[in-house]
Amino acid sequence: MKYNRTAHLKNVLHHLYINPLEKCNLHCKICYTKKTSSILTEHQIFDFVDRYAKVVEVKVITFCGGEVMALSYFPKLVNRLVKRGIYIQCITNGTIDRLKELANPGMINLIVSLDGSREYHDSNRGTGQYDKSIIFLKKAKKLGFHTEIFSIVTKQNLPNIDQFEAQIHDQIGPIDITFHPRKPAEYLKQHPKSNIVGTTQGFDYLTGDEMRELWKHRKKVFPPKELGCYQVALASDGTVYGCCEGFEALGKIDDTPLQLINQLKCRIRGLGMGCSQPGFMCGLKEVILLHKKQSSSS
Ligand SMILES: C[S@@+](CC[C@H](N)C(=O)[O-])C[C@H]1O[C@@H](n2cnc3c(N)ncnc32)[C@H](O)[C@@H]1O
């Protein structure tokens, strides 16, 4: 397969990723991120987007955290950005309902995290959290928001994915689910900041073979099979990285957008659509290399 990286990169530049905070209302047993206290202000975010938009049109912003719905200014910020014609995606645990404060559901995609069955999800996130997120998703759909699901995959919930998809279909109706293997030990070992191991009993990492099976049989997985998931990614401490999992900075929030874009462009290497940290590849380098080899020989 031939990859058009130039066209892909051009598209990617229209899509920013912003992590305004690390703090969260939940204490998931397997979360890999440190809950540091830095928080971007609404002004910092708006100003960054504004300066960037003078160089490249901003079409989409994905917000993650921490838990963005815990930020008092968040709905107001989203409404301002939507007013400028920007499509907003929020990765959220779906346990804090600010839906009524969001003015334009048709311009917002809520990506809610669900880790399998109610019992399994709650064993990671706390009793009652699954039901809260399902109620949130149902309400969001009814109000006209776009909705998706992100689902962490471990050795324990891997055999139940079909069942999980069927159960979600019954509860919510048709919805895309992206499967996200639990960050492997190799990721945690290499990442200088997002390196919390948490609980492993009952939440074991997938093996390389299991990850490859997941790529083979599921439509949407993260990171994507062909990589290319790089983008200009602003972190809560004002550092700008080349992807949501990056740790080699492209620069800082006050650098010119052109500097950041040029840094990103010269970072992209590796397989498929490429990676902005090809030496890291989310700790999946060996797994991805073998997947490529197997799929090109089959
Ligand atoms: C760090 S969370 C922050 C957003 C929000 N608080 C939530 O739970 O969706 C971002 C995404 O990472 C996922 N995640 C958390 N711990 C993970 C792990 N150990 N491996 C893979 N994904 C993980 C979450 O399920 C969520 O979809």
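Whatever comes next refers back to the structure up there.
Remember, it's a predicted structure, so these values are computed and weren't measured experimentally.

### Here's the deal with the pattern of salt bridges
- Counting across every chain of the model gives 20 salt bridges.
- Through salt bridges that share partners, Glu-148, Asp-176, Lys-219 and Lys-220 make up one connected network.

### Focus on the pairing of strand β6 (residues 176-181)
- Burial within β6 is extensive, with five of its six residues counted as buried.
- Sheet topology places strand β5 (residues 146-153) next to β6; six bridges connect them, and they run parallel. The residue of β6 that forms the bridge with Val-153 is Pro-181.
- Handedness of the crossover joining β5 and β6 through helix α6 (residues 161-172): right-handed.

### So, the nonpolar core
- Among the nonpolar cores identified, the biggest contains 76 residues, and Val-49, Ile-61, Phe-63, Leu-81, Ile-88, Leu-110 and Ile-168 are the most heavily contacted of them.
- Counting residues in each nonpolar core, the second largest holds six residues, with Cys-64, Ile-91, Ile-111 and Phe-150 among its members.

### Structural notes on empty space enclosed by the protein
- Overall, the coordinates contain two cavities of 30 Å³ or more when judged by the stated rule.
- When its volume is computed, the largest cavity comes out at roughly 130 Å³.
- Classifying every residue of the lining of the largest cavity gives twelve nonpolar, four polar and one charged.
- Its boundaries defined by the atoms lining it, the second largest cavity holds a volume of some 60 Å³.
- Along the walls of the second largest cavity sit His-180, Pro-181, Lys-183, Pro-184, Tyr-187, Met-211, Phe-222, Pro-223, Cys-282 and Leu-284, which together make up its complete lining.
- Broken down by class, the residue content of the lining of the second largest cavity amounts to eight nonpolar, one polar and one charged.

### A look at the environment of Leu-114
- Locating Leu-114 in the fold gives a position in the loop between β4 (108-113) and α4 (118-125).
- Residue classification places Leu-114 among the buried positions, given a relative accessible area of 0%.
- Between the C-alpha atoms of Leu-114 and Arg-125, which are eleven residues apart in sequence, the distance is 9.4 Å.
- Contact partners of Leu-114, with chain neighbours within four places excluded, come to His-121, Tyr-130, Ser-133, Ile-134, Leu-137, Ile-149, Phe-150, Ser-151, Ile-152, Phe-164 and Ile-168.

### Remarks on the sheet that holds strand β7 (residues 233-234)
- Taken in spatial order, the nine strands of this open sheet run β6-β5-β4-β3-β2-β1-β7-β8-β9, and their pairing is mixed. What marks the edges here is a single partner per strand, and that holds for β6 and β9 (251-252).
- Relative to β4, strand β3 (residues 87-92) runs parallel, the two being bridged by five bridges. Bridged to Ile-91 within β4 is Ile-111.

### Focus on the site of the ligand
- Close to the ligand lie 19 residues, the nearest being Ile-30, Gly-66, Ser-113, Arg-125 and Lys-183.
- The backbone of Gly-66 places a nitrogen or oxygen atom 3.0 Å from a nitrogen atom of the ligand.
- Note that a nitrogen atom of the ligand is positioned 2.9 Å from one of the backbone N or O atoms of Lys-183.
- Mapped onto the shell around the ligand, the elements with two or more residues apiece are β3, β5 and β6.
- Within the shell around the ligand, the residues separate by chemical class into nine nonpolar, six polar and four charged.

### Some points on the packing of α4 against helix α5 (residues 129-143)
- The geometry of α4 relative to α5 is characterised by a closest axis approach of 8 Å and an angle of 110° between their N-to-C directions. Accordingly, the angle class assigned to the pair α4 and α5 is roughly perpendicular. Where α4 abuts α5, its residues Arg-118, His-121, Asp-122 and Arg-125 lie against Gln-129, Tyr-130, Asp-131 and Ser-133.
- Tallied by class, residues from the contact of α4 with α5 come to one nonpolar, three polar and four charged.

### What to know about the environment of Glu-67
- With respect to the secondary-structure elements, Glu-67 resides in the loop between β2 (60-63) and α3 (74-83).
- Judged by relative accessible area, which is 2%, Glu-67 ranks as buried.
- Distance in space between the C-alpha atoms of Glu-67 and Gly-270 is 32 Å, their sequence separation being 203 residues.

### What about the packing of aromatic side chains?
- Tallied over the entire structure, the rule returns seven aromatic pairs.
- When the ring of Tyr-32 is compared with that of Tyr-187, the centres are 5.5 Å apart and the planes differ by 85°; the resulting orientation is edge-to-face. Placement of the pair is Tyr-32 in the loop between β1 (15-18) and α2 (42-53) and Tyr-187 in helix α7 (residues 185-190), with a sequence separation of 155 residues. Of the two residues, Tyr-32 and Tyr-187, neither departs from the other in class, the shared state being buried.
- Judged by centre distance (5.2 Å) and plane angle (85°), the ring pair of Phe-63 and Phe-74 falls under edge-to-face. Here Phe-74 lies in helix α3 and Phe-63 lies in strand β2, a separation of eleven residues in the sequence.

The rules behind the values
- Residues numbered from 1 in each chain as written.
- Predicted model: local features only at pLDDT ≥ 70, side-chain atom pairs only at ≥ 80, totals over all residues.
- Heavy atoms only, no water.
- Salt bridge = Lys/Arg side-chain N within 4 Å of Asp/Glu carboxyl O.
- Buried < 20%, exposed > 50% of the residue type's maximum accessible area, 1.4 Å probe, protein only.
- Helix = DSSP H or I, 4+ residues; strand = E, 2+ residues; numbered from the N terminus.
- Pairing = 2+ DSSP bridges.
- Right-handed = clockwise from strand over helix to strand, strands pointing away.
- Core = buried A, V, L, I, M, F, W, Y, C linked by side-chain atoms within 4.5 Å.
- 1 Å grid on protein atoms, 1.4 Å probe; cavity = no way out; pocket = protein on both sides within 12 Å on 5 of 7 lines; lining within 4 Å.
- Points joined across faces, edges and corners; volume = space filled by probe spheres on them.
- Nonpolar A, V, L, I, M, F, W, Y, C, P; charged D, E, K, R; others polar.
- Contact = heavy atoms within 4.5 Å.
- Near = heavy atom within 4 Å.
- Polar contact = N/O pair within 3.5 Å; in protein donor to acceptor, adjacent residues only side chain to side chain.
- Axes fitted to C-alpha atoms, helices over the stretch in contact; angles between N-to-C directions.
- Parallel < 35°, antiparallel > 145°, perpendicular 65-115°, else oblique.
- Phe/Tyr/Trp six-rings, centres within 6.5 Å; stacked < 30°, edge-to-face > 60°.

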